[in-house]
2 protein chains.
Amino acid sequence: MKIALDAVGGDHGPAPCIEGALQAAKELDVEVILVGDETLLTQECARLGCRDPRLSIRHAAQVVEMHESPAAVARKKRDSSIWIATELVKGGEAQAVVSPGNTGASMVASFFVLGLTKGVERPAIATSLPTLTGEAIMLDVGANVDCTAQHLEQFALMGNEYGKHLFKKSHPRIGLLSIGEEDSKGNEVTKDAFKRLKASPLNFIGNVEGRDVYSGSADVVVCDGFIGNVALKISEGVAETIKKLLLREISGSFLGRLAYPLIAAPLMNLKRRIDYAEFGGAPLLGVNGVTIICHGRSSAKAIKNAIRRAKGMAEGRVHELIQRDIEESLSRPPGDMDA
Amino acid sequence: MKIALDAVGGDHGPAPCIEGALQAAKELDVEVILVGDETLLTQECARLGCRDPRLSIRHAAQVVEMHESPAAVARKKRDSSIWIATELVKGGEAQAVVSPGNTGASMVASFFVLGLTKGVERPAIATSLPTLTGEAIMLDVGANVDCTAQHLEQFALMGNEYGKHLFKKSHPRIGLLSIGEEDSKGNEVTKDAFKRLKASPLNFIGNVEGRDVYSGSADVVVCDGFIGNVALKISEGVAETIKKLLLREISGSFLGRLAYPLIAAPLMNLKRRIDYAEFGGAPLLGVNGVTIICHGRSSAKAIKNAIRRAKGMAEGRVHELIQRDIEESLSRPPGDMDA
């Protein structure tokens, strides 16, 4: 199993990527192709004392900066690390691509180089969220805004396969993010999506509200990418605010200062878990291959976790199972919806 | 100043309403008309030893239950406590209505009895949120789904007047909830709303992301009611989950159990602040009068805080200022938008 890693696109340069790749090679029995400027990567490997033969370097002359518009990537950045790393998957040299770089650039590269899965109208980014009982998937969290009900139905099908893989469940519970549990609650798009999901073969448990997302009542939460992105960032904001307010309160007393490490650690853990990237990265579902998007600030550990997820998804052939499900759903007569 | 209080619509019956009204009468120099079944309210007042002459009772034969569809209220529940309480405002007997009952029923009663403010297309519920630096307003949080850019612009105008009142600022900072700070980020509706707000006389600071809501970067955060409701409930979910996970960690050690009260209290405070109702209730903006919606589980203190807010808004004539602003905005030539 070979993983192509965009080793220069992240906020912290190549060091955490090389260290994460090294940990992955040792612990997960994978080979990692570090993609980026060869001179820079060779120097960094030497500086870090990295001589593991399971790591190799592939030169890429360009890099997509964080602030660059993804739209220009296909035109101007075909020699960038993310583009070349994705081409390694297309050409069969690697089985998955992992990138801590510009999220939009990863999407564009996967879209153009790997192509959309047959039948999929829009790809989706699927994040993992911590819940009281374990973990849930939410998708889409930012790949698409202005989704139709059919897009949401496809997200549910893709999330279902990812959920089966991640949770080892044959029928993950699929919920639709809305503003009330009743069928009648929601906006025009979610009300239409509700009907479609009810008529689908999925284990659809109905609408879930914002507060249910973290209680663990659904394994997979489906939403438009605008809503999902807002929900994710609101979550980060609440966690950050609680942490700061608590620490402010706590540092004001002797007992509090004693208890500080006790509270800071679990809060940091939780924050890290909400931050999907630290948590193994977020796959881009609906493309012909495995693409894992990590946070720009990914640590070595986050990179390793993303490589682990990439490996698991490539072994599980999740993208092929998604293609099968989408094709089946498209071959069902539309009359089924009213069944 | 007289406030009409729907004293029987809440989850906990009339007791917290009577107690909250009593506290308000004593502390805020207001009279409160308790609206609901006269026999029940008389008995409860007697049981609670409440003989304050500033409290009076107005009979209402019906009550709208929490599970009832708001749509039926105007047809079948014109003798309900929320309807009659709202009529007291319309008739000039009271200057504001406060209800811990069915939110949809409050909206319907205000819509039919008080009427929409001239020029307002949709009313909006404006909640208060705790931030690192104080407090922010978010609207709409559930009155409307499927909003247009013009609706969002009107929410901004209404939130601006409410913000001036609440924060004593002449130019509250208005942010548009979106998925990136750049002008180009968002969905079709927010991108159009961005242009409108930029062309308006408001102190528009641009897009704000989910994580900025709690950092205090905007005084007023504008969004569609679907997004706002999801955001609010996601926030509750995160706060609840953090509380439970922290308490679980903490109760596992001796030092943790020592620190427990220290941490539990600030967490509960924060949760209560996020819960808009405890925080003084949420006004329904865009109707011809003052309507404050409280949580069904409101405590006596929450009812008192809502009465305080109602009094302040009635004294500040916020609904009249909103009407003036909306009329001015409608009289501006549309060409201004491209200025």
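Note that the coordinates shown come from a computational prediction; the quantities given were computed from them, not determined experimentally.

Q: Looking at this structure, I do not really get the sheet that holds strand β2 (residues 31-36) of chain B. What am I missing?
A: Backbone-to-backbone hydrogen bonds join strands into a sheet, with any given pair of strands oriented parallel or antiparallel. Residue and element names in this part refer to chain B. Taken in spatial order, the 11 strands line up as β3-β2-β1-β4-β11-β10-β5-β6-β9-β7-β8 in an open sheet, and their pairing is mixed. With one partner strand each, in any of the chains shown, β3 (55-59) and β8 (204-208) form the two edges of the open sheet. Ignoring which end each strand starts from, the neighbouring axes of this sheet average 25 degrees apart. Relative to strand β9 (residues 220-222), strand β7 (residues 174-177) runs parallel, the two sharing 3 bridges. Of the residues in β9, the one forming a bridge with Gly175 is Val221. Here helix α9 (residues 225-250) sits on the sheet in contact with β5 (124-130), β6 (135-139) and β7, set at roughly 135 degrees to β6.

Q: Got a minute to help me understand the side chain of Ser99 of chain A in this structure?
A: Residues and elements named next belong to chain A. Within the fold, Ser99 resides in strand β4 (residues 96-99). Separated by 2.9 Å, the side chains of Ser99 and Asp6 make a polar contact. Each residue touching Ser99, except ones within four places of it in the same chain, is listed here: Asp6, Ile82, Ser106, Ile292, Ile293 and Cys294.

Q: Sorry, what's going on with the sheet that holds strand β9 (residues 220-222) of chain A here?
A: Residues and elements named next belong to chain A. Ordered in space as β3-β2-β1-β4-β11-β10-β5-β6-β9-β7-β8, the 11 strands form an open sheet in which the pairing is mixed. What marks the edges here is a single partner per strand, and that holds for β3 (55-59) and β8 (204-208). Within this sheet the neighbouring strands show an average axis-to-axis angle of 25 degrees, counted without direction. Here strand β1 (residues 2-6) pairs with β4 via 3 bridges, running parallel.

Q: Can you walk me through the pattern of salt bridges in this structure?
A: Pairing between side chains becomes possible if they bear opposite charge and their charged atoms approach one another. A complete count under the given rule lists 40 salt bridges over all chains for this structure. Its salt-bridge partner being Lys233 of chain A, residue Glu209 of chain B comes within 2.3 Å of it at the nearest N-O pair. Pair noted here: Glu209 of chain B is in the loop between β8 and α8 (210-213) and Lys233 of chain A is in helix α9 (residues 225-250), and the two residues belong to different chains. With respect to burial, Glu209 of chain B and Lys233 of chain A carry one shared label: buried. For the salt bridge of Lys164 of chain B with Glu161 of chain B, the shortest nitrogen-to-oxygen distance reads 3.1 Å. Residue Lys164 of chain B and its partner Glu161 of chain B are both found in helix α6 (residues 149-167); the two are separated by 3 residues, about one turn of the helix. Using a relative accessible area of 3% as the deciding quantity, one classes Glu161 of chain B as buried.

Q: Honestly, the nonpolar core in this entry has me stumped. Any pointers?
A: In a soluble, globular protein the nonpolar side chains are often hidden away together inside. Formed by 97 residues in total, the largest nonpolar core has its most connected members in Ile125, Met138, Leu177 and Ile234 of chain A together with Ile125, Met138 and Ile234 of chain B. Beyond its immediate chain neighbours, meaning those up to four positions away, Ile234 of chain B contacts Gly210, Arg211, Val213, Tyr214, Ala231, Ile234 and Ser235 of chain A.

Q: I tried to follow the domain arrangement of chain A on my own but got confused; where do I start?
A: When the parts of a complex come together, some accessible area is lost, and that lost area is often taken as the interface size. Residue and element names in this part refer to chain A. The domain boundaries assigned to chain A delineate domain 1 (2-120 + 286-316) and domain 2 (126-274). Look at where the C-alpha atoms of domain 1 and domain 2 centre, and you get two points 26 Å apart. Listed as interface residues are 7 residues of domain 1 and, on the opposing side, 8 residues of domain 2. For the pair domain 1 and domain 2, the summed buried surface comes to about 610 Å²; carbon and sulfur atoms form 57% of the total. The tally of links between domain 1 and domain 2 comes to 1 salt bridge.

Q: Teacher, can you tell me more about empty space enclosed by the protein here?
A: A water-sized probe, rolled over the atoms, reveals where empty space remains. Residue and element names in this part refer to chain B. On inspection of all chains with the given rule, the structure shows 6 cavities of 30 Å³ or more. Looking at the largest cavity, the residues that line it are Pro283, Leu284, Leu285, Gly286, Val287, Gly289, Val290, Thr291, Met313, Val318, His319 and Ile322. Breaking the lining of the largest cavity down by element, the ones donating at least two residues are β10 (282-285) and α12 (318-331).

Q: Whenever I open this one, the packing of aromatic side chains confuses me. Can you help?
A: Taken as a whole and assessed by the stated rule, the structure comprises 6 aromatic pairs over all chains. Summarising the aromatic geometry, the rings of Phe194 of chain A and Phe204 of chain A are spaced 5.2 Å apart at their centres and angled 75 degrees between planes, so their arrangement reads as edge-to-face. A residue pair is termed long-range when its members are at least 10 positions apart, and Phe194 of chain A in helix α7 (residues 188-198) and Phe204 of chain A in strand β8 qualify at 10 residues. Here Phe204 of chain A falls in the buried class, since its relative accessible area comes to 15%. When the ring of Phe111 of chain B is compared with that of Phe112 of chain B, the centres are 5.5 Å apart and the planes differ by 70 degrees; the resulting orientation is edge-to-face.

Q: Could you clarify how one ought to interpret the pairing of β3 of chain B in this entry?
A: As a general feature of sheets, a regular strand has side chains that alternate between the two faces. All names here are of chain B. With 5 bridges connecting them, β2 and β3 associate as parallel partners. Its bridge partner being in β3, Ile33 is matched across the sheet by Ser56. Following the chain from β2 across helix α2 (residues 38-47) to the adjacent parallel β3, one finds a crossover that is right-handed.

Q: Mind showing me how you'd approach unusual backbone geometry here?
A: Comment: phi is negative for the bulk of residues other than glycine, and the bulk of peptide bonds are trans. Residue and element names in this part refer to chain A. Residue Leu139 is joined to Asp140 through a cis peptide bond whose omega torsion reads -5 degrees. The residue Asp140 is located in the loop between β6 (135-139) and α6 (149-167) in this model. Located in the positive-phi region is Asp29, a residue other than glycine, with phi close to 55 degrees. On the secondary structure map, Asp29 appears in the loop between α1 (14-28) and β2 (31-36). Looking at Asp29, the relative accessible area reads 62%, which means it is exposed.

The rules behind the values
Residues numbered from 1 in each chain as written. Chains lettered and ligands numbered in written order. Predicted model: local features only at pLDDT ≥ 70, side-chain atom pairs only at ≥ 80, totals over all residues. Heavy atoms only, no water. Pairing = 2+ DSSP bridges. Helix = DSSP H or I, 4+ residues; strand = E, 2+ residues; numbered from the N terminus. Axes fitted to C-alpha atoms, helices over the stretch in contact; angles between N-to-C directions. Contact = heavy atoms within 4.5 Å. Polar contact = N/O pair within 3.5 Å; in protein donor to acceptor, adjacent residues only side chain to side chain. Salt bridge = Lys/Arg side-chain N within 4 Å of Asp/Glu carboxyl O. Buried < 20%, exposed > 50% of the residue type's maximum accessible area, 1.4 Å probe, protein only. Core = buried A, V, L, I, M, F, W, Y, C linked by side-chain atoms within 4.5 Å. Domains from an automatic or database assignment. Buried area = accessible area lost by both parts, 1.4 Å probe. 1 Å grid on protein atoms, 1.4 Å probe; cavity = no way out; pocket = protein on both sides within 12 Å on 5 of 7 lines; lining within 4 Å. Points joined across faces, edges and corners; volume = space filled by probe spheres on them. Phe/Tyr/Trp six-rings, centres within 6.5 Å; stacked < 30°, edge-to-face > 60°. Right-handed = clockwise from strand over helix to strand, strands pointing away.

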